[in-house]
Every structure is written in structure tokens, then in C-alpha cells.
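# A look at the structure
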Amino acid sequence: MPETPILRNGETCPFIHNQTFQGTNDSTLTALRHDANRLIWTPEKRSIELRNYQTNQSIEVTGPVPSIYQDCRHHVCTSTKMALSAHACENKSSNSQKTDDLESDSSDYIRKEAYDFLAIYHTDKGTSGDDYDKRLDEVDLEIQHTGTYTHTTAEIEYGCQLAWRNSARCINRLYWNTLKVIDRRNVKTNDGMFTEICDHLRMAYNNGTLQATTLVMNKTSRLWSTQYLRYASYEQADGSILGDPANRELTKAAIEFGWSKREDERTQWDLLPIIVQCNPNEPPSWYELPQDLRPTIFLSHPDQKYDTTIKSLGLRWIAQPFVSDKAIEIGGIVYRCVPFSGWFMQTEVGRDLCDIQRYNVIPKLAALLNLDITAAANSQLNVDRLYVE
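Residues numbered from 1 in each chain as written. Predicted model: local features only at pLDDT ≥ 70, side-chain atom pairs only at ≥ 80, totals over all residues. Heavy atoms only, no water.

An unreviewed UniProt entry lists the chain under the name nitric-oxide synthase (NADPH), with Rotaria socialis as the source organism. Taken verbatim from the UniProt record of the chain, the Sequence similarities (unreviewed entry) comment is "Belongs to the NOS family." (UniProt positions renumbered as here; feature names shortened; annotations may be inferred.)

This is the structure we're talking about:
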């Protein structure tokens, strides 16, 4: 059989024209130019720091980073890095103090935030003055005795809707008041968590008429995956990756827990199990999703030329996102297991499939369509066109 071609990066940053990587020797550059029409991504798990220009805060993230890509400008990439850790260790640039997301807040802070939230809730929901005063007294008394307080189901529901409304990066937050909230804070076991997750999947998929929903678990619960439905990432003997590189560490964890797939049966579209941990002092459990809870869309295209190419690569994606690595704060109380389902924009799926740190299908599409993405004057336009298609 002919040797499988290895695809390799060029030496320039894809986001800054005419910017070369420092420290790359002449022999490497010569080899890269020689193989300029081929693209490989060698992942490396390491910690990097990214700075937000607007807030001047920096966030330390650990994830698969292409080793060939060095920092462009003082550890700030002018493009977008997807899937930053929701609970990454944040530190303010001004004093470098780090915040532990597991550290309990003071009762004074919780009381202040509770009063602020309940004032908003009272105004927006139009509760009576007597009910509002009574609720404030209940919360104040509970905080005095326990240092915290418990939300009602109605407060949880409105708090989740408010959190979506206040998520500045989410373009779909326009529909915040249609969000359905499933309150399952009473669940105390891993088995119970998985049962509720299955019910959440069914409710949110809604026979194909997608419904925005949030499942709220108790404050100690954790989901190990960034989403319910994640494709596995297998490290091959030659160093390449089969599957979605974003899930390399999660795949390793699943295998260590006992999940496995025979090597001759592995594909780049193997769904990982759900890993849940209801109590941080007890071990996690993993569960395979039943077949009816794995909605998948096989991609097609109205133009026959692109349609044939896309189908030849078997491109697909899950039908609905279930984001499970975000935390929300409602009136001073932090909930860290609140998986949220919405719907994909086509640009999200395009980036999941095309970005160099993900499936990186651009070089394969270019080769099949005989488009030059490395040397021609319009090579970058070809890359952009492939993203769009």
C-alpha cells in the first residue's frame, strides 16, 4: 500500500501575515517549505497564559497546543482559542493573586449577593411586598445559622435564565426567557445523575425540535466532560491523533476508568462515555449512552462538488450541544454542575471540524478539491472559502 501522506504545518502563524516562528532552524524551515502542501499537528499538553485586552486579566489554561505554534504577542493570540476551561485558575495581572473556585465565600458576601438577586427577582416577577420581606427574613435567618441559604425551585429557574441573559459571548441569549430548567439538586448518587442526564437529553432534543434547557445538580456534583457528547481522541503509534484532539485527556481518563474500544474498531467518531462524580470524596463512574441518545447529523452540501467531497470524508457532528463545564452563580451561591443545551450555529461546527487544533479537515478538503492553500497568491482565500463551505 502507498505510504499515507503526512500533512505538516507551514512555518508562519496563520493569523499574522509574514510572521515567522522564532527558534525554527534553517533545516526545519527547508523541510517545511518542501512539504508546504502537507499539514500535520503534533499536540502537546502544556500550560499557557492568555491575557484579555479588555479587562487586563489573564487566565492560565492547560490544553493541547500545537508545538509548532509559538506565542504571537506576549502570550496573547490575536485569533480565538476555543473551549477554555470553565474552572481554569484565573489570576489578575495587577497582583497575580489566584482565585480558588472551591474556596467558600464569606456569609457577608453571600448575604449581599442574595439581597441583590432577590431584589431583581421581586421586581421582575412582581411578587408582593409581604412575600418579598418574608423571603428576605428567611434567607437572612438561614445565613446566620448556616453561612449560606437554599434557593427555591422558582429562584433556581429564574437564576439560570438570568445567567444566560448575562452571558455576553452567547449570541443565542436573546431567547433567555424560554429556557427550561430541571431542578435535580436532590440527586445524591452517580447512577441518579446519569438517569437525569438521559432524561435531560430526551427533553432537550424534543424529537428534533430542540429545546433550550439547563439541568441543575447539587453543588458537589461534577461532570468530567466539557459536553455530554464528545468524540474520543486516540494517540497513534506514529504520534498522530485519531479523533478530536480537544478530548485527548478525557479519553485517557475514560480508558483508565475501564472504558475501551478495540484498536481495530476505533474511528475518529467514537463517542466517549459520560463520566459523573456526585460526591468529590467518592470515585467517579462512567456510563455509555444508549443509541437513541446519540443524535448525529451527517453533513451535506447543495453544491455537488462540495457535497461529494464532504461525504467522502464522512463529516458529521452531534445534533445539539450540551455544555457541561460551565458554572453559574445565583445570589452568591455557585452551582458547578449545570449542563446547558442550546443549539449550534454553523460557524461553531465549522470551527470544530476545520480548526488546526481540532479535526483540521481543511488540508484534506483542499487536496480533494485541488485547491492550493500553501503557496499561491490566493491560498489564504482558498482556506477562507473552505471554512465558509
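Following the structure, the description resumes.
### Observations concerning the overall build of the chain
From N to C terminus, the chain includes 10 helices and 16 strands. Considering only contacts within the chain whose residues lie at least 6 apart along the sequence, 63% involve residues at least 24 apart. Accessible surface, the chain: about 21,800 Å² in total, of which carbon and sulfur atoms supply 49%. (Helix = DSSP H or I, 4+ residues; strand = E, 2+ residues; numbered from the N terminus. Contact = heavy atoms within 4.5 Å. Areas by Shrake-Rupley, 256 points an atom, 1.4 Å probe, with all protein chains shown as cover.)

### A few points about a negative patch on the surface
On the surface, D130, D131, D133 and D137 cluster together into a patch of negative charge. Here D137 lies in helix α3 (residues 129-146). Note on D137: relative accessible area 53%, which makes it exposed. (Patch = residues over 30% accessible without salt bridge, like charges linked within 9 Å, V, L, I, M, F, W, Y side chains within 5 Å. Salt bridge = Lys/Arg side-chain N within 4 Å of Asp/Glu carboxyl O. Lys, Arg positive; Asp, Glu negative; His and termini not counted. Charge placed at Lys NZ, Arg CZ, Asp CG, Glu CD. Buried < 20%, exposed > 50% of the residue type's maximum accessible area, 1.4 Å probe, protein only.)

### Things to note about the packing of aromatic side chains
In this structure the tally under the stated criterion is 14 aromatic pairs. Here the aromatic rings of Y231 and W269 are separated by 5.3 Å at their centres, their planes lie at 80°, and the arrangement is edge-to-face. Here the residue Y231 occupies a position in the loop between β6 (222-223) and β7 (233-235), and W269 occupies one in the loop between α6 (248-257) and β9 (274-277), the gap between them amounting to 38 residues. By relative accessible area, which is 4% here, Y231 ends up buried. An aromatic cluster is built from F117, Y121, Y158 and W176, whose rings are joined through pairwise contacts. Over the ring of W176 we find R165; its NZ or CZ atom is 4.8 Å from the centre of that ring. (Phe/Tyr/Trp six-rings, centres within 6.5 Å; stacked < 30°, edge-to-face > 60°. Lys NZ or Arg CZ within 6 Å of the ring centre and 35° of its normal.)

### So, the pattern of salt bridges
Per the stated rule, a full pass over the model turns up 23 salt bridges. A salt bridge links R135 to E138; its shortest N-O distance comes to 3.3 Å. Linking R135 with E138, this pair stays in helix α3, spanning 3 residues, or about one helical turn. Given a relative accessible area of 14%, R135 falls into the buried group. Within this structure, E235, R248, E249 and K252 form a network of salt bridges that share partners.

### Here we look at helix α5 (residues 190-205)
Between the first and last C-alpha of α5 there are 23 Å, a value that for 16 residues agrees with the 22 Å anticipated at 1.5 Å per step. All buried positions along α5 are accounted for by N190, G192, M193, F194, E196, I197, C198, H200, L201 and A204. Measuring from the backbone nitrogen of G192 back to the side-chain oxygen at the start of α5 gives 2.9 Å, which picks out T189 as the cap. (Expected span 1.5 Å × (residues − 1). Polar contact = N/O pair within 3.5 Å; in protein donor to acceptor, adjacent residues only side chain to side chain.)

### Topic: a nonpolar patch on the surface
Side chains of W224, F257 and W286 sit close together on the surface and give an oily, nonpolar patch of about 270 Å² of accessible area. Secondary-structure assignment places W286 in strand β10 (residues 285-287).

### Considering the confidence of the model for the chain
Chain-level statistics for the chain give a pLDDT mean of 79 and a share of 74% at 70 or above. Counting interchain partners and residues more than four positions distant, the pLDDT-below-50 stretch residues 64-103 has 96 contacts. (pLDDT = per-residue confidence, 0-100.)

### Quick notes on the sheet that holds strand β4 (residues 180-184)
Read across the open sheet, the 4 strands follow the order β4-β5-β16-β13; overall the sheet is mixed. Across the chains shown, the open sheet's two edge strands, defined by having one partner strand only, are β4 and β13 (322-323). The pairing of β13 with strand β16 (residues 340-341) spans 2 bridges and is classified as antiparallel. Note that in β16 the partner of V323 across the bridge is F340. The strands that α5 touches are β4, β5 (213-217), β13 and β16; relative to β5, the one it contacts most, it runs at about 170°. (Pairing = 2+ DSSP bridges. Axes fitted to C-alpha atoms, helices over the stretch in contact; angles between N-to-C directions.)

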